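What follows is each chain in one-letter form.
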Amino acid sequence: MNNKELDLETPLRDEVERHIRKLIKPLKDEDELKAVLKVKLTKKEFKVLNNWANDEELQPLLEKLSLDEKRYEELSSKLIKKINQEKIKQEMMI
């Protein structure tokens, strides 16, 4: 691994690692992880996760996705449960 690879930002990967309870193997690289998540998550779930990863403002996202606070909370908890499912974790790991 050279220095350029070490300097690459991996916000999505870091965010997923933050929410997974038990990570046995390392996660795939950013592009592969994004491809797996796009297939396994709904569009709204993926956009919420991306929003968290990039530390973006929440309000514009809620307006864009037509979500209220209650629905956002439900979607967030469902998203975290989903990325902690063994089958999905297996696909996200190397």
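Structure's up top.
So, a few notes on the structure that sits alongside this text. Bear in mind that the values here come from a model prediction, so they are computed numbers and not experimental data. (Residues numbered from 1 in each chain as written. Predicted model: local features only at pLDDT ≥ 70, side-chain atom pairs only at ≥ 80, totals over all residues. Heavy atoms only, no water.)

Regarding the pattern of salt bridges
Applying the stated criterion to the full structure yields six salt bridges. For E45, the salt bridge identified is with K82, shortest N-O distance 2.9 Å. A residue pair is termed long-range when its members are at least 10 positions apart, and E45 in helix α4 (residues 43–53) and K82 in helix α6 (residues 69–83) qualify at 37 residues. This pair shows no difference in class: E45 is buried, exactly as K82 is. A salt bridge links E86 to K89, with the nearest nitrogen and oxygen atoms 3.1 Å apart. Taken as a pair, E86 and K89 lie in helix α7 (residues 86–92) at a separation of three residues, close to a single helical turn. (Salt bridge = Lys/Arg side-chain N within 4 Å of Asp/Glu carboxyl O. Helix = DSSP H or I, 4+ residues; strand = E, 2+ residues; numbered from the N terminus. Buried < 20%, exposed > 50% of the residue type's maximum accessible area, 1.4 Å probe, protein only.)

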